[in-house]
Amino acid sequence: AHLLEAPGGGYLVWGVAAGIGGYGIHQLYRAWSAQLDKQLDLDLRDAARRVVIAISRFGIAARAVVFVSIAVLFGRAALTHDANHAGGTGESMRELFAFGRWPFAMIAAGVAAYGIYQLIEARFRRIRC
C-alpha cells in the first residue's frame, strides 16, 4: 500500500512483480536444468537416486509456480492500484485453487516435495572449500 501511494509507486510494484516473477521463472529453469546429483552427495542406488532427484525437481518446480502466482498478484495490484490484490503464499495458493482441486493438489504435493528436498539438501549438500 505504501509503495502504491509513493510517486511512481505503480512502477515500483510492477518492478517487485517482475522481480518475483523472474525469480519464479529462474526456479523453473533450475528445476529442469540443475545438476542436482552433482550438488548432493547421495550414496544411494541408481533407482533411489533418480527418485530423490525427481522429488527434488518436482518440489522446486511447484515452488516456482507459487512464486509466479505471487508475481501475478503483485502485477494485478499494480494494474488496479489496489494493494488488496497483492498477496503472499496463502493468497497465491487460494488463486491456484481456482484452477481446480487436482491442479491445486499437485501444487500442494509439490510444495511438500520442496520441503523434502530442503531436508535432503540440508543433510547431503556437497560443500567444497
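Since this is a predicted model, take the numbers as computed values, not measurements.

## Side note on the packing of helix α4 (residues 46-80) against helix α6 (residues 101-124)
No. 1: Their axes nearest at 7 Å, the elements α4 and α6 cross at an angle of 120°. Between α4 and α6, the interaxial angle falls into the category oblique. In this structure, α4 meets α6 at a crossing whose hand is left-handed. Contacts from Val52, Ile55, Ser56, Phe58, Gly59, Ile60, Ala62, Arg63, Val65 and Val66 in α4 reach Met106, Ile107, Ala109, Gly110, Val111, Ala113, Tyr114, Ile116, Tyr117 and Ile120 in α6.

## Examining the nonpolar core
No. 1: Core analysis: the biggest nonpolar cluster contains twelve residues, these being Ala31, Ala34, Leu36, Leu40, Leu42, Val52, Ile53, Ile60, Ala61, Tyr114, Tyr117 and Ile120.
No. 2: Looking at this core, the elements that each hand over two or more residues are α4 and α6.
No. 3: Looking at which element gives the most residues to this core, the answer is α4, with four residues.
No. 4: By size, the runner-up hydrophobic cluster in this structure holds seven residues, among which are Val66, Ile70, Met93 and Leu96.

## Quick look at α6
No. 1: Here α6 contains 24 residues, and its C-alpha end-to-end distance of 34 Å stays within 8% of the 34 Å for a straight helix at 1.5 Å per residue.
No. 2: Three or more residues of α6 are buried, namely Ile107, Gly110, Ala113, Tyr114, Tyr117, Ile120 and Glu121.

## As for the side chain of Ser92
No. 1: With respect to the element layout, Ser92 can be found in helix α5 (residues 89-97).
No. 2: Leaving out residues up to four positions away in the same chain, Ser92 has contacts with Val66, Ser69, Ile70 and Leu73.

## Re the side chain of Ser56
No. 1: Positionally, Ser56 belongs in helix α4.
No. 2: A polar atom in the side chain of Ser56 sits 2.8 Å from the backbone oxygen of Val52.
No. 3: Excluding residues that lie within four positions of it along the chain, Ser56 makes contacts with Leu36 and Tyr117.

## Here's the deal with a nonpolar patch on the surface
No. 1: Taken together, the side chains of Leu3, Leu12 and Val16 present a nonpolar region at the surface, about 220 Å² in accessible area.
No. 2: Within the secondary structure, Leu3 sits in helix α1 (residues 2-5).

## Description of the packing of α5 against α6
No. 1: Orientation of α5 relative to α6, taken along the N-to-C sense of each, is 145°, at an axis distance of 8 Å. When α5 is examined against α6, the residues Met93, Leu96 and Phe97 are found in contact with a partner set consisting of Arg101, Phe104, Ile107 and Ala108.

## Digging into the confidence of the model for the protein
No. 1: Mean pLDDT for the protein: 87, with 98% of residues reaching 70 or above.
No. 2: In the model of the protein, helix α3 (residues 36-39) stands out as the element of lowest mean pLDDT, 72, in contrast to helix α2 (residues 9-33), which has the highest, 92.

Quick notes on the rules
- Residues numbered from 1 in each chain as written.
- Predicted model: local features only at pLDDT ≥ 70, side-chain atom pairs only at ≥ 80, totals over all residues.
- Heavy atoms only, no water.
- Axes fitted to C-alpha atoms, helices over the stretch in contact; angles between N-to-C directions.
- Helix = DSSP H or I, 4+ residues; strand = E, 2+ residues; numbered from the N terminus.
- Parallel < 35°, antiparallel > 145°, perpendicular 65-115°, else oblique.
- Left-handed = near helix turned anticlockwise from the far one by under 90°.
- Contact = heavy atoms within 4.5 Å.
- Core = buried A, V, L, I, M, F, W, Y, C linked by side-chain atoms within 4.5 Å.
- Buried < 20%, exposed > 50% of the residue type's maximum accessible area, 1.4 Å probe, protein only.
- Expected span 1.5 Å × (residues − 1).
- Polar contact = N/O pair within 3.5 Å; in protein donor to acceptor, adjacent residues only side chain to side chain.
- Patch = residues over 30% accessible without salt bridge, like charges linked within 9 Å, V, L, I, M, F, W, Y side chains within 5 Å.
- Areas by Shrake-Rupley, 256 points an atom, 1.4 Å probe, with all protein chains shown as cover.
- Salt bridge = Lys/Arg side-chain N within 4 Å of Asp/Glu carboxyl O.
- pLDDT = per-residue confidence, 0-100.

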